Amino acid sequence: MKPFFDFFGESTLGEWMRNSRYAFPAFEMVHLLGLGLLLGSILILNARFFGLGMRRQSVSELAYDFAPWTRLALAIMIPSGIALFASKAPDLWNEDRFGFELKLFLVAVAILFHYTVLIPLARSDNYRRGKPAAAFSLLVWFGAAMAGLSLEFL
Amino acid sequence: MILSWCEWLMETWVSAGIRESIWVYPMLHWAHILSNTLMFGTIIFLDLRLVGLGLSRRRVSDVAEQLLPWTWLGWILMFTSGALIFTSDPVRYYSSFFLRIKMILMFLAGFNALVFHFTVYRGVALWDDGRAPILARMSGAISLISWIAIVITGRAVGYFD
């Protein structure tokens, strides 16, 4: 993982982020707004498998409604997340390597699981299999968010 | 007057307890940010529907009635965790410029929601399926902008005096 941390940490982006007083907070604000949008759309979709929230719509209808917002949220969170990581990569490598690796792993699992398992189950209105899948999905997404937030308290 | 109350609050055991604990303070921040996904993450979808940017196939009343209980739950969690964070260091937070701006924005968002519910939303049956009338669209836009600004100023409280 060392070359990975070095690549981002030593990049022009990382350099620029560390030299600016406002870049880090600004990207963090963007990242947090993306988080609200992302977990809001994920929560509404997943809760529907349990008959909670927007229950007048089927889960396939909600998958259609919220897909563009989940995508937009990822398009906000991934670039801003890269910028935040580039800024802190040297510190993270020295102080909380594992915390960051865990976060990256959980985000990767959450995205893959969402698009390969959860969305197909939602599109076919499969509530029986959807319940355990949604429980797992929520666990991984919120786990990723908590792992990310713990990096903030470094 | 408020400042002396903040000074009194700072001397209480609750304030000292949160300040001196190494894990309560980070936990409160976690709770505050995670419950924001409940509150901000649901209210924006009603706002987006009103403005005409999203969920166009859903009725406005379906979105409002089904999501607002989640928004309220999120609001209660946010208020509780936010009040406890404030309690941990009231004198510092009292003098925070961004927290004052954030409070003004909260009143604006609350007032806007109140006006919306007691005026234009009363006649929602007339425009439930399609495009919302101008007053409802304006209300959605004000809400969207103020909540985004509340998240931004909230984060700024932690960085700048």
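Structure's up top.
So, here is what we can say about the structure in this document.

Each value, and the rule that gives it
Positions within a chain are numbered from 1, following the residues in the order the chain's sequence is written. Chains carry letters from A onward and ligands carry numbers from 1 onward, assigned in written order. This being a predicted model, a pLDDT of at least 70 is required before a residue's local features are given, and a value of 80 or more before pairs of side-chain atoms are given or counted; all residues contribute to the totals for chains, interfaces and linings. Helical segments are the DSSP runs of H or I of at least four residues, strand segments are the runs of E of at least two, and each set is numbered from the N terminus. Around each residue's C-beta, the other C-beta atoms within 10 Å are counted; 20 or more make the residue buried, 12 or fewer make it exposed, and counts in between make it partly exposed. All C-beta atoms are placed from the backbone. A pair of residues counts as a contact when their C-beta atoms, built from backbone coordinates, are within 7 Å of each other. Only Asp, Glu, Lys and Arg are considered charged, only Ala, Val, Leu, Ile, Met, Phe, Trp, Tyr, Cys and Pro nonpolar, and every remaining residue, Gly among them, polar.

What chain A contains, in helices and strands, is six helices and zero strands. Element order for chain A, N to C, with α for helix and β for strand: α-α-α-α-α-α. Expressed along its principal axes, the backbone C-alpha trace of chain A runs to roughly 50 × 25 × 25 Å. For chain A, the residues scored as buried account for 42% of the 154 residues in total. Intrachain contacts of chain A at a sequence separation of at least 6 include 78% that bridge at least 24 residues.

So, on to the overall build of chain B. Each helix and strand in chain B was counted, giving seven helices and zero strands. Overall, chain B shows an N-to-C arrangement of helices and strands of α-α-α-α-α-α-α. Overall, chain B is about 55 × 30 × 25 Å in size when its C-alpha atoms are taken along their principal axes. Taken across its 161 residues, chain B has 33% of its residues classed as buried. Pairs at least 24 apart in sequence give 80% of the contacts found in chain B among residues at least 6 apart.

Another aspect to go through is the interface of chain A and chain B. Buried accessible area, meaning the area lost when the parts come together, often serves as the stated size of an interface. With 24 residues of chain A at the interface, the matching set in chain B holds 25 residues. Only α3 (23-49), α4 (59-95) and α6 (127-152) of chain A provide two or more residues apiece to the side of chain A that touches chain B. With twelve residues, α3 of chain A is the single largest residue contributor to the side of chain A that touches chain B. Residue classes in the side of chain A that touches chain B are distributed as 16 nonpolar, four polar and four charged.

Our focus in this paragraph is the environment of Glu11 of chain B. On the secondary structure map, Glu11 of chain B appears in helix α1 (residues 2-11). Counting along the chain gives 79 residues from Glu11 of chain B to Pro90 of chain B, while the straight-line C-alpha distance between them is 9.9 Å.

What follows concerns unusual backbone geometry. In this structure, Asp125 of chain A takes a positive phi of about 50° despite not being glycine. Relative to the assigned elements, Asp125 of chain A resides in the loop between α5 (97-123) and α6. By C-beta crowding, Asp125 of chain A is classed as partly exposed, having 13 other C-beta atoms within 10 Å. One non-glycine residue, Leu55 of chain B, adopts positive backbone phi at about 50°. By the element assignment, Leu55 of chain B lies in the loop between α3 (24-51) and α4 (60-88).

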